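Coordinate inspection notes
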Amino acid sequence: MHETVPPPGSLAEALAAIPDPRRAHLRVHGLVPLLQFAVAALLCGCRSLYAMAQWGQERHEDDPELLIELGLRPGRH
């Protein structure tokens, strides 16, 4: 998995310091993109995992570039 170096002082840099507890075979996406997605969904009003999943599906349908900007690979949902 190719990960870029986050800009200094960014949310991505702060999130990159969090260790990834997942097993290697479960790491489809890096931890930073998943956490950025969660932060964005929470800021948009999501208050449950179901709401986050629904928000992500809606973004996949109407604004897939947003998910790419968060670091999620296109075509995965």
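Residues numbered from 1 in each chain as written. Predicted model: local features only at pLDDT ≥ 70, side-chain atom pairs only at ≥ 80, totals over all residues. Heavy atoms only, no water.

**Points about the overall build of the protein chain**
- Helix and strand content of the protein chain: four helices and zero strands.
- Counting from the amino terminus, helix and strand elements in the protein chain follow one another as α-α-α-α.
- In terms of overall dimensions, the protein chain is globule-like: its C-alpha atoms have a radius of gyration of 12 Å, near the 11 Å expected for 77 residues.
- In terms of principal-axis extent, the alpha carbons of the protein chain reach across some 30 × 30 × 25 Å.
- Out of the 77 residues belonging to the protein chain, those deemed buried represent 29%.
- Taking the intrachain contacts of the protein chain between residues at least 6 apart in sequence as the baseline, contacts between residues at least 24 apart amount to 36%.
- Counting every atom, the protein chain has about 5600 Å² of accessible surface; 61% of that belongs to carbon and sulfur. (Helix = DSSP H or I, 4+ residues; strand = E, 2+ residues; numbered from the N terminus. Rg over C-alpha atoms; globule rule 2.2 N^0.38 Å. Buried < 20%, exposed > 50% of the residue type's maximum accessible area, 1.4 Å probe, protein only. Contact = heavy atoms within 4.5 Å. Areas by Shrake-Rupley, 256 points an atom, 1.4 Å probe, with all protein chains shown as cover.)

**Observations regarding the pattern of salt bridges**
- Counted according to the given criterion, the structure contains three salt bridges.
- A salt bridge links Arg 22 to Asp 20; the nearest nitrogen and oxygen atoms lie 2.7 Å apart.
- Relative accessible area serves as the criterion here: at 23%, Asp 20 is assigned to the partly exposed category.
- If you follow the salt bridges from partner to partner, you end up with Glu 58, Arg 59 and Asp 62 in one network. (Salt bridge = Lys/Arg side-chain N within 4 Å of Asp/Glu carboxyl O.)

**Topic: the packing of helix 2 (residues 31–43) against helix 3 (residues 49–62)**
- Relative orientation of the contacting elements helix 2 and helix 3 amounts to 95°, with a least axis distance of 10 Å. When the axes of helix 2 and helix 3 are compared, the pair comes out roughly perpendicular. Every residue of helix 3 that contacts helix 2 at Phe 37, Ala 38, Ala 40, Ala 41 and Leu 42 is listed here: Met 52, Trp 55 and Gly 56. (Axes fitted to C-alpha atoms, helices over the stretch in contact; angles between N-to-C directions. Parallel < 35°, antiparallel > 145°, perpendicular 65-115°, else oblique.)

**Considering the side chain of Arg 59**
- Take Arg 59: it is sitting in helix 3.
- Arg 59 gets classed as buried once you look at its relative accessible area, which sits at 14%.
- Within the structure, Arg 59 has its side chain in polar contact with the side chain of Asp 62 (distance 2.9 Å).
- If sequence neighbours within four positions are ignored, Arg 59 has contacts with Pro 64, Leu 66 and Leu 67. (Polar contact = N/O pair within 3.5 Å; in protein donor to acceptor, adjacent residues only side chain to side chain.)

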